[in-house]
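A structural walkthrough
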Amino acid sequence: MFGERMKLPVNGTKISVQNNKLVVPDNPILGYIEGDGIGPDITRACLRIWDMAVKQAYNGKRKIHWAELFMGEKAAGKFNGNYFPDETIDALKEIIVSIKGPLTTPVGGGFRSLNVSLRQVLDLYACVRPVRYYSGVPSPMRHPEQVDIVLFRENTEDVYSGIEYQSGSPEMRKIEKFLKEEMGATFFDDAGIGIKPISPFGSKRLVRKAIQYAIDNNRKNVTLVHKGNIMKFTEGAFRNWGYELAREEFGDSTITEDELWDKYDGKQPEGKIVIKDRIADITFQLMQLRPTEFDVLATTNLNGDYLSDAIAAEVGGMGIAPGANIGEHVAVFEATHGTAPKYSNLDKVNPGSLLFSGVSMLEYIGWTEAAELIKTNYPKVIEKKIVTYDFARQMENATEVSTSGFADALIEQIEKG
């Protein structure tokens, strides 16, 4: 799987899995995909920051050995027009932990979404989006510091599963005929049809990962977000299966919100995580009015897509929103924004989203000291108003710097710290 077009670093050692846990050497090989558009600019900047944080945190005793992998436009140039080469998929499995920049996803045509394909082919069933506020970042909220959640979005089912049929197509006609004549459904003629599968298996493994994260990271509650008041047998079932999973597998560690009030008079007992649920639309409102009530969110695919972006806006926008797609062990961390092709090769944009996805990656492999160095020093640079153009236009007397210039400033701050 590694050859002339992709090379494995000779001095690194691959991460392995033993007893269902990652085994990370001091010289791990991690994969990276530059991505399209602004991807190369932000990737170059972030690689420098991550490497400096690791060097500073461990006094040079640990070092990441980076393996460049190819997907998107750069892959097409190297693999005879193939944007999604099998060699890259095999390499992502072999390396286990990787990170990627944004990939081109044309609207309304062209090849299938690379991001969706990647999640499905590697079964990266949990999209994990930590959202927290860093001091000094411009925000539309009066108290953005109250926002500190981790969202677990189911990644493989729901309307993203790709089961849909174009209006007027033979396949659509078959489905239309079956639904109307045999199932008694009523809807307008010539409708495009999409099917929304949500399963016990897919729902439970997502909720399992969210609850385990809450336990491992001393979070107080997990909220199941759904639209079960309308879609009772899909969204409503997600809610019910989530409670069932919590009761059956985490009964010693969790209580329901009803139990919190009925048994404990609203006082959360030590060592217990509260499992609760909220309708999706009201969650949007509550995340603005009472964000401190939420800690970990577990949600279906489409709701999670909307909600993660909306919450990111509360703490500074998609430009600094991190994300990861995680399976049982294989994980691909990613910039959550688009490719912004008009800014390609201008060394201009904010690298924050990819940067903090890399912070999550460092935490995932257990290198929390390096992750903490970035999280601690990032706001110090922002408070000095040394920022890229997107923040500079929202601040008075800011010093606007390039992508690489911001990396220089943060690296200098980490070295000082």
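Before reading further, recall that the structure is shown in the block above.
Structural notes, computed from the coordinates. (Residues numbered from 1 in each chain as written. Predicted model: local features only at pLDDT ≥ 70, side-chain atom pairs only at ≥ 80, totals over all residues. Heavy atoms only, no water.)

**Quick notes on the packing of helix α1 (residues 39-58) against helix α11 (residues 352-364)**
Direction vectors running N to C along α1 and α11 enclose 40 degrees, while the axes themselves pass 9 Å from each other. Here α1 and α11 pass one another in a crossing that is right-handed. For the pair formed by α1 and α11, the contact residues are I42, T43, C46, I49, W50 and V54 on the first element and L354, L355, G358, V359 and L362 on the second. Per-class residue counts for the contact of α1 with α11 are nine nonpolar, two polar and no charged. (Axes fitted to C-alpha atoms, helices over the stretch in contact; angles between N-to-C directions. Helix = DSSP H or I, 4+ residues; strand = E, 2+ residues; numbered from the N terminus. Left-handed = near helix turned anticlockwise from the far one by under 90°. Contact = heavy atoms within 4.5 Å. Nonpolar A, V, L, I, M, F, W, Y, C, P; charged D, E, K, R; others polar.)

**Here's the deal with the packing of aromatic side chains**
Counted by the stated rule, this structure contains 10 aromatic pairs. Centre to centre, the rings of Y134 and Y378 are 5.5 Å apart; their planes meet at 75 degrees, and the pair counts as edge-to-face. One end of the pair, Y134, is in the loop between β6 (126-132) and β7 (148-154); the other, Y378, is in helix α12 (residues 368-383), and 244 residues separate them in sequence. Of the two residues, Y134 and Y378, neither departs from the other in class, the shared state being buried. With centroids separated by 4.7 Å and ring planes inclined at 80 degrees, the aromatic side chains of F356 and Y378 adopt a geometry described as edge-to-face. Taken together, the residues F356 in helix α11 and Y378 in helix α12 connect sequence positions 22 residues apart. Classification of Y378 by relative accessible area gives buried; the value is 0%. Looking at R62, its charged tip hangs above the ring of Y58, at a distance of 4.5 Å from the centre. Over the aromatic face of F70 sits the side chain of K78, whose NZ or CZ is 5.0 Å from the ring centroid. (Phe/Tyr/Trp six-rings, centres within 6.5 Å; stacked < 30°, edge-to-face > 60°. Buried < 20%, exposed > 50% of the residue type's maximum accessible area, 1.4 Å probe, protein only. Lys NZ or Arg CZ within 6 Å of the ring centre and 35° of its normal.)

**Topic: the pattern of salt bridges**
Enumeration according to the criterion identifies 31 salt bridges in this entry. Linking E334 and R119 is a salt bridge whose minimum nitrogen-to-oxygen distance equals 3.6 Å. One end of the pair, E334, is in strand β15 (residues 331-335); the other, R119, is in helix α4 (residues 114-121), with 215 residues separating them in the sequence. Under the relative-accessibility criterion, E334 is labelled buried at 5%. Here R119 falls in the buried class, since its relative accessible area comes to 9%. Of the charged contacts in the structure, one is a salt bridge between E293 and R290, with a shortest N-O distance of 2.5 Å. Note on E293: relative accessible area 28%, which makes it partly exposed. Residue classification places R290 among the partly exposed positions, given a relative accessible area of 41%. (Salt bridge = Lys/Arg side-chain N within 4 Å of Asp/Glu carboxyl O.)

**Some words on the sheet that holds strand β5 (residues 97-100)**
Read from one edge to the other, the open sheet built from 11 strands follows the order β4-β3-β5-β15-β14-β6-β7-β13-β10-β12-β11, with strand pairing classed as mixed. Single-partner strands in this sheet number two, and they are β4 (65-68) and β11 (254-256). For this sheet the average axis-to-axis angle between neighbouring strands, irrespective of direction, equals 25 degrees. Sheet contacts for α4: β5, β7, β14 (322-326) and β15; angle to β15, the most-contacted strand, approximately 165 degrees. Contacts between helix α6 (residues 200-216) and the sheet are confined to β6, β7, β10 (221-226), β11, β12 (273-279), β13 (296-299) and β14, with β7 contributing the most and set at about 160 degrees to the helix. (Pairing = 2+ DSSP bridges.)

**Re α12**
Here α12 spans 23 Å end to end across 16 residues, near enough to the 22 Å set by a 1.5 Å rise per residue. Taken together, the buried positions of α12 are A370, A371, L373, I374, K375, N377, Y378, P379, V381 and I382. Where α12 is buried, its residues touch α1, β6, α11, β16 (386-387), α13 (389-392) and α14 (403-416). K385 sits one or two residues past α12 and shows a positive phi near 65 degrees. (Expected span 1.5 Å × (residues − 1).)

**Here we look at the layout of surface pockets**
There is about 1400 Å³ of room inside the largest pocket. Of the residues contributing to the lining of the largest pocket, the split by class is 24 nonpolar, eight polar and 11 charged. (1 Å grid on protein atoms, 1.4 Å probe; cavity = no way out; pocket = protein on both sides within 12 Å on 5 of 7 lines; lining within 4 Å. Points joined across faces, edges and corners; volume = space filled by probe spheres on them.)

**Concerning the environment of W66**
Considering the arrangement of structural elements, one finds W66 in strand β4. Of the residues examined, W66 reaches a relative accessible area of 17% and is grouped as buried. Sequence separation of W66 and L354 is 288 residues, and the distance between their C-alpha atoms is 15 Å. In contact with W66, not counting residues within four places along its chain, are P9, L30, G31, Y32, L47, W50, D51, I99 and M361. A distance of 2.9 Å separates polar atoms of two side chains, one belonging to W66 and the other to D51. (Polar contact = N/O pair within 3.5 Å; in protein donor to acceptor, adjacent residues only side chain to side chain.)

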